[in-house]
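Chain residues, written in single-letter form:
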Amino acid sequence: MQVIKYPQKDSWPQLLQRPVLDSSLLHKKVQDVLDDVKQKGDAAVLHYTHRFDGVSLDSLLVSAAEVQEACAILAPQLKEAIQLAAHNIENFHAAQLANGEVIETMPGVRCWRKLSGIEKVGLYIPGGSAPLFSTILMLAIPAKLAGCKQVVLCSPPAKDGTLNAAI
């Protein structure tokens, strides 16, 4: 680590310049994965789950039995905390549902807010070794309130192939 004390003012721009990463190779790799998933669907997702997460899955769907088991092992205090958070998040977003009033910002210019839900939405929930189940609440509740007809939740599995019980 380089320590710089009391640099001259004319050197500040150079010192504050952020390093630049050439992401073109990374972009190509990501695009290849996306193209593969578009062509091969779930088979490609299973392949990349094995390749990137080190997990071999038989299915991408969580079974009803897995959901019941997760509910059974989740601590009651955590369930209560999730329900309270869900209630608060729903109250916050429900207050935003009303279309805004028309505001004339200047003569002849009228502005307003119009809400319209998306028919289908995909939610990515961080999982694996760093599950972040609160993301479900922050994304799924607004989607539900907005009237999304289909919500798909995706989350990487833990090394044993399971999802975190809270997810």
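Everything numeric here is computed off the predicted structure, so don't read it as measured data.

Conventions we followed
- Residues numbered from 1 in each chain as written.
- Predicted model: local features only at pLDDT ≥ 70, side-chain atom pairs only at ≥ 80, totals over all residues.
- Heavy atoms only, no water.
- Helix = DSSP H or I, 4+ residues; strand = E, 2+ residues; numbered from the N terminus.
- Buried < 20%, exposed > 50% of the residue type's maximum accessible area, 1.4 Å probe, protein only.
- Contact = heavy atoms within 4.5 Å.
- Lys, Arg positive; Asp, Glu negative; His and termini not counted.
- Charge placed at Lys NZ, Arg CZ, Asp CG, Glu CD.
- Salt bridge = Lys/Arg side-chain N within 4 Å of Asp/Glu carboxyl O.
- Pairing = 2+ DSSP bridges.
- Axes fitted to C-alpha atoms, helices over the stretch in contact; angles between N-to-C directions.
- Parallel < 35°, antiparallel > 145°, perpendicular 65-115°, else oblique.
- Nonpolar A, V, L, I, M, F, W, Y, C, P; charged D, E, K, R; others polar.

### Remarks on the overall build of the protein
If you tally the helices and strands in the protein, you get six helices and four strands. Taken from N to C terminus, the helices and strands of the protein fall in the order α-α-α-α-α-β-β-β-α-β. Summarising its shape, the C-alpha atoms of the protein cover approximately 65 × 55 × 40 Å along the three principal directions. With 167 residues in all, the protein has 14% of them scored as buried. Here the analysis covers contacts within the protein between residues at least 6 apart in sequence; of these, 54% occur between residues at least 24 apart. Across the protein, the centroid of the 16 positively charged side chains sits 7 Å from that of the 16 negatively charged ones.

### A look at the pattern of salt bridges
In total, this model carries two salt bridges according to the counting rule given. Between Asp-32 and Lys-28 there is a salt bridge, with the nearest N and O atoms lying 2.9 Å from each other. Here Asp-32 and its partner Lys-28 are both found in helix 2 (residues 24–40), four residues apart, which amounts to about one turn of the helix. Judged by relative accessible area, Asp-32 falls into the partly exposed class, the value being 36%. With a relative accessible area of 47%, Lys-28 lands in the partly exposed category. Across the salt bridge formed by Asp-36 and Lys-40, the nearest N and O atoms sit 3.2 Å from each other. Taken together, the positions of Asp-36 and Lys-40, both in helix 2 and four residues apart, correspond to about one turn of that helix.

### Considerations on the pairing of strand 3 (residues 120–124)
Sheet topology note: the strand 3/strand 4 (residues 150–154) ladder contains five bridges and is parallel. Among the inter-strand pairings, Tyr-124 is bridged to a residue of strand 4, identified as Cys-154.

### Some details on the packing of helix 2 against helix 3 (residues 42–53)
With their axes 6 Å apart at the nearest point, helix 2 and helix 3 run at an angle of 140 degrees to one another. As far as their axial angle goes, helix 3 and helix 2 are oblique. Between helix 2, through Asp-32, Val-33, Asp-36, Val-37 and Lys-40, and helix 3, the contact on the second element is made entirely by Asp-42, Ala-43, Ala-44, Val-45, Tyr-48 and Phe-52. Partitioned by chemical class, the residues of the contact of helix 2 with helix 3 number seven nonpolar, no polar and four charged.

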